[in-house]
Amino acid sequence: MKRYIHYYLQLWAVATMLLSSCVSHPDVPSSSKEAKCLPAIFPDYCDVTVPCNIAPLNFMLPADQYETCVARFTTPDGLQQTYGHGVKVQIPEEEWNTMLDASKGKSIKVEVWGQKDDEWLSFTPFEIHIAPDRIDEYLSYRLIEPSYVAWTFMEIAQRNLTTFEETQIFNNEITMNDRAKGQCINCHSYQNYKTDNMLFHVRLSNAGTVIVNDGKVSRVNMKRDYTISGGVYPAWHPTAKLIAFSTNKTRQAFHTQNPNKIEVYDLASDMILYDVETDSVSIVSNDSTLLEVYPTWSPDGKYLYYCKSVPLPEEMRDKDIRTTYPKIQYNLYRRSFDVATHNFGDEELVYDAASSDKSVTLPRISPDGRYLLFALGQYGCFHSRHHDADIVCIPMEQYTGTALTAETVSAVDLRLVNSKDYSDSYPSWSSNGHWIMLASRRDDDNYSRVYFAYFNNGKVEKAFMLPQEDPEYNTFLLKSYNRPEFMIEPVKISVDEFSKVFDK
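Residues numbered from 1 in each chain as written. Predicted model: local features only at pLDDT ≥ 70, side-chain atom pairs only at ≥ 80, totals over all residues. Heavy atoms only, no water.

> Before we move on, can you summarise a negative patch on the surface with the specific residues and values?
A contiguous patch of negative charge on the surface is contributed by Glu67, Asp117, Asp118 and Glu119. Counting through the fold element by element, glutamate 67 comes out in the loop between strand 3 (59-60) and strand 4 (68-74). (Patch = residues over 30% accessible without salt bridge, like charges linked within 9 Å, V, L, I, M, F, W, Y side chains within 5 Å. Areas by Shrake-Rupley, 256 points an atom, 1.4 Å probe, with all protein chains shown as cover. Salt bridge = Lys/Arg side-chain N within 4 Å of Asp/Glu carboxyl O. Lys, Arg positive; Asp, Glu negative; His and termini not counted. Charge placed at Lys NZ, Arg CZ, Asp CG, Glu CD. Helix = DSSP H or I, 4+ residues; strand = E, 2+ residues; numbered from the N terminus.)

Put into structure tokens, the structure is as follows:
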């Protein structure tokens, strides 16, 4: 049934596109009452900074409060255009791109009017700032229900950020040969934002890791006698045909009263290195008493960063993890790496989160190597369900070999990026380092959606939601955007081509 709902949404999107192609340019109201506030538009695009190549920022007024909406856009050179159909503002791509070109490095002024009970209200104008820096043209993500107790239809999709085109990379129905067991697809990953070298996992039915090596597709099993599992959370080396993975024995718990709803934790986890060319697996770190997860490489490939748990208090070490999970916290480490010998150096503690009663996960180094992003929460390694989870950014120049802490580091101000009381997680960088992306549940506390924020030499602007052709689309899409990843090009291998590796 959920699959058919998704197909319906796709048809609805096509119908929306056809309707929006018949664009009218309404007149602004001849008289109105001043509201003396910004419009409560969804998504909130008031005073945001966006890329000079982003798709139209379509928005709407609340349908339960207003009957009609009109918006007037004014570029720095005086070009004006109005839009409005019902409570929605939907801008044709060609007209939007003209406005972007005229406003690059400057701002578009936006004035909004809303009709309520036969009266027009005029809201305080706002600006959309157009950065001179482009964003990567493509984005990929897994679409999945926010609470999963059984495997149903899911897909990995890719979206063109300069338009509204979304296509499927893979889905879990085309190769599922045991519906009772189900199939999960996850952890898509790319080498240097390109798609000729990429991977994703298939779990349960027809299990394996699908790897693309210079455009050639294969399915591999990375499980060895000496590893906990096959590869789980991946990180491609930036130059070599090597992938760092954590290996995990992961479990879920579903809360009935805790507002965090779902808990994901590891019973065991280690770090491995997989050689794509030789199909060999070597151990990076396998401390049996601690947990190691979320590898990521420095842009030059000389360091592998990862998260590692701190020892539990002695009195808790033999207790069931379902009672001790709120005490499990992770710090951030790194090891030097010699690409010629595949040897790792000694472990270095980079950020001591536990000293401030916190837990760090999902580290990412900026493409220029100057900044470190990570998600920070009270405990655990799966912050996408933790209300207290925020994104943190640290200048790497502050790390000189002595572990950084919340007290010693001067972090980048991300108050315009993080939501106040909802999960913000899975941070990443665009390939030029000017855009931060994150998955956030700030809109309804159930569904994670994609947000971007402009990063300019340590200054970060207000985060904004991934634009949609119909601004109401995310309200009806009953899926979370999971593991959003930037790409500079689309995946060129078709779903059918991927499926053929399961026949071998």
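> Before we move on, could you go through helix 2 (residues 93-103) and cite the residues and values that matter?
The complete set of buried residues in helix 2 reads Trp96, Met99, Leu100 and Ser103. Down the axis of helix 2, the sector holding all buried residues measures 100 degrees, keeping them to one side. Away from the buried face of helix 2 by more than 90 degrees, exposed residues Glu94 and Asp101 are located. In this structure, the buried residues of helix 2 make contact with strand 4, strand 5 (80-83), strand 7 (107-116) and strand 9 (126-130). Trailing helix 2 by a residue or two, glycine 105 shows a phi angle of about 80 degrees, which is positive. (Buried < 20%, exposed > 50% of the residue type's maximum accessible area, 1.4 Å probe, protein only. Arc of directions from axis to C-beta. Contact = heavy atoms within 4.5 Å.)

> Any details on the environment of glycine 78? Residues and values, ideally.
Here glycine 78 lies in the loop between strand 4 and strand 5. The exposure class of glycine 78 is partly exposed, given its relative accessible area of 47%. Here the alpha-carbon distance between glycine 78 and alanine 102, two residues 24 residues apart in the chain, equals 9.5 Å.

> Describe the side chain of threonine 162, with residues and values.
Mapped onto the elements, threonine 162 comes out in the loop between strand 11 (155-160) and strand 12 (166-171). Only 2.7 Å separates the side chain of threonine 162 from the side chain of asparagine 160, close enough to count as a polar contact. In this structure threonine 162 touches Asn53, Ile54, Ala55 and Glu137, once residues within four positions along its chain are discounted. (Polar contact = N/O pair within 3.5 Å; in protein donor to acceptor, adjacent residues only side chain to side chain.)

> Residues and numbers for unusual backbone geometry, please.
The omega torsion across phenylalanine 42 and proline 43 is -10 degrees, close enough to zero to call that bond cis. As for its placement among the helices and strands, proline 43 is situated in the loop between strand 1 (33-34) and strand 2 (49-50). The phi angle at asparagine 192 is positive, at roughly 55 degrees, despite the residue not being glycine. Summarising the element assignment, asparagine 192 is placed in the loop between strand 13 (183-191) and strand 14 (194-204). For asparagine 192, a relative accessible area of 40% translates into the label partly exposed. Phi angles above zero are rare outside glycine, and asparagine 206 is one such case at about 55 degrees. Within the secondary structure, asparagine 206 sits in the loop between strand 14 and strand 15 (208-213).

> Pulling in residues and values, what's your account of the sheet that holds strand 13?
With antiparallel pairing, 4 strands are arranged side by side in an open sheet as 13-14-15-16. Among the strands making up the open sheet, the edge pair consists of strand 13 and strand 16 (216-220). Taking each pair of neighbouring strands and ignoring which way they run, the sheet shows an average axis angle of 20 degrees. As paired elements, strand 14 and strand 15 share 5 bridges and run antiparallel to each other. For valine 202, the partnering residue across the bridge sits in strand 15 and is glycine 208. (Pairing = 2+ DSSP bridges. Axes fitted to C-alpha atoms, helices over the stretch in contact; angles between N-to-C directions.)

> So what about the packing of aromatic side chains? Which residues, and what values?
All told, the structure shown has 22 aromatic pairs when counted by the stated rule. An angle of 35 degrees between the planes, with centres 6.0 Å apart, marks the rings of phenylalanine 452 and phenylalanine 486 as tilted. Linking phenylalanine 452 in strand 30 (residues 449-456) with phenylalanine 486 in strand 33 (residues 480-487), this pair joins segments that are 34 residues apart in sequence. The buried category is assigned to phenylalanine 486, whose relative accessible area is 3%. Grouped by ring-pair contacts, the aromatic residues Tyr45, Phe452, Phe464 and Phe486 constitute a single cluster. Above the ring of tyrosine 333, the side-chain terminus of lysine 308 is found at 5.7 Å from the ring centroid. (Phe/Tyr/Trp six-rings, centres within 6.5 Å; stacked < 30°, edge-to-face > 60°. Lys NZ or Arg CZ within 6 Å of the ring centre and 35° of its normal.)

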